[in-house]
Amino acid sequence: MEGFRFWPGALSASEQADLLARVLAAAEDAPFYRPVTPGGRPFSVEMTGMGPLGWVSDRAGYRYQPTHPVTGAPWPPIPERLTDLWRDLTGWPEPPDACLVNRYREGARMGMHQDLDEVDHGAPVLSVSLGDTAVFRIGAAGGGPTRTVRLASGDVCALTGPARLARHGIDRVIAGSSTLTPGGGRINLTLRRAGPASHQT
Ligand code: MD6
Ligand code: FE
């Protein structure tokens, strides 16, 4: 699919371990929590975030906000390694202002969706996978056939240009496929430009 970019093995084993340690340290201040859909159904995925804005979902809807919904504190900063990766791989002129952190434990999955809550749908979304391999499903924004891509620990992919509004989700996570995460499971990081570009007001 044009605009779907994939960099398998972008992060070495030591880079993965270093990044995971930084994310878990951030999650001590901004703990993983389980959001609910606007209809009140709990997600099977646990979430937290880093950066000026974080994506949240609750009875009031989906949105980005500057504080953690449980602690009320600002989100911790995005590690520099991730903003460097964003710059090097996407070439986007502005740094990411949100990094959503998804944690998949036994049986967690994510239904097909489009990422629509960002102001500028022209900016890419960059995804970094850590831990167990996921079966990622993707299809065109307007519907039709879908295909799957396995996302293993250290793989990076992006939705850019014509694929930015592609429908996508996680069918399942293959338990035991990686030993990176303590207690198993998968952590996915998605870097975004959520708010308006800084040259706009
Ligand atoms: C996940 N990823 O990999 C879920 N969104 O756990 C996403 O929802 C996603 O991988 C936008 C762009 C890339 C993604
Ligand atoms: Fe998404």
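Above: the structure in question.
Residues numbered from 1 in each chain as written. Chains lettered and ligands numbered in written order. Predicted model: local features only at pLDDT ≥ 70, side-chain atom pairs only at ≥ 80, totals over all residues. Heavy atoms only, no water.

Topic: the nonpolar core
In terms of nonpolar packing, the biggest core is built from 27 residues, with Phe4, Met47, Tyr104, Phe136 and Ile170 touching the most fellow members. Every element with two or more residues in this core is listed here: β3 (54–58), β5 (98–104), β8 (134–139), β9 (146–151), β10 (156–159) and β11 (167–173). Core analysis: the next-biggest nonpolar cluster, separate from the first, contains 24 residues, Leu130, Ala158, Ile187 and Leu189 among them. (Core = buried A, V, L, I, M, F, W, Y, C linked by side-chain atoms within 4.5 Å. Buried < 20%, exposed > 50% of the residue type's maximum accessible area, 1.4 Å probe, protein only. Helix = DSSP H or I, 4+ residues; strand = E, 2+ residues; numbered from the N terminus.)

Quick word on the sheet that holds β10
Read from one edge to the other, the open sheet built from six strands follows the order β1-β10-β7-β12-β5-β2, with strand pairing classed as antiparallel. Of all strands in the sheet, those bounded by a partner on one side alone are β1 (4–7) and β2 (46–50). When the angles between neighbouring strand axes are averaged without regard to direction, this sheet yields 20°. Relative to strand β12 (residues 186–192), strand β7 (residues 125–131) runs antiparallel, the two sharing six bridges. Within the sheet, the bridge partner assigned to valine 128 lies in β12 and is leucine 189. In this fold helix α2 (residues 80–90) packs onto β1, β2, β5, β7, β10 and β12, with an angle of close to 125° to the strand it touches most, β7. (Pairing = 2+ DSSP bridges. Axes fitted to C-alpha atoms, helices over the stretch in contact; angles between N-to-C directions. Contact = heavy atoms within 4.5 Å.)

Some points on the side chain of arginine 164
Among the secondary structure elements, arginine 164 is positioned in the loop between β10 and β11. Within the structure, the side chain of arginine 164 is placed 2.8 Å from the backbone oxygen of alanine 123, a separation counted as a polar contact. Look past the residues within four positions of arginine 164 in its chain and what remains in contact with it is Asp115, Glu118, Asp120, His121, Ala123, Pro124, Val125 and Leu159. (Polar contact = N/O pair within 3.5 Å; in protein donor to acceptor, adjacent residues only side chain to side chain.)

What about the environment of arginine 34?
Tracing the backbone through its elements, the reader meets arginine 34 in the loop between α1 (13–29) and β2. A residue is classified by how much of its surface remains accessible, and arginine 34, at 44% relative accessible area, is partly exposed. Taking the C-alpha atoms as reference points, arginine 34 and glutamate 46, separated by 12 residues in sequence, lie 4.6 Å from one another. Here the side chain of arginine 34 touches phenylalanine 43 through a polar contact of 3.0 Å, landing on its backbone oxygen. Reaching out from arginine 34, the side chain makes a polar contact with the backbone oxygen of serine 44 at a distance of 3.0 Å.

Details of the pattern of salt bridges
Where charged atoms from two side chains of opposite charge come close, those side chains can pair. All told, the structure shown has 12 salt bridges when counted by the stated rule. Close ionic contact of arginine 22 with aspartate 18 constitutes a salt bridge, the shortest N to O distance being 3.0 Å. Residue arginine 22 and its partner aspartate 18 are both found in helix α1; the two are separated by four residues, about one turn of the helix. Under the relative-accessibility criterion, aspartate 18 is labelled partly exposed at 34%. Here glutamate 118 makes a salt bridge to arginine 192, at a shortest N to O gap of 2.9 Å. Here glutamate 118 is found in the loop between β6 (110–113) and β7, whereas its partner arginine 192 is found in strand β12, with 74 residues between them in sequence. Glutamate 118 sits in the buried class, given a relative accessible area of 4%. A single network of salt bridges, built from pairs that share partners, joins Asp115, Glu118, Arg164 and Arg192. (Salt bridge = Lys/Arg side-chain N within 4 Å of Asp/Glu carboxyl O.)

Honestly, it's all geometry; don't read function into it.
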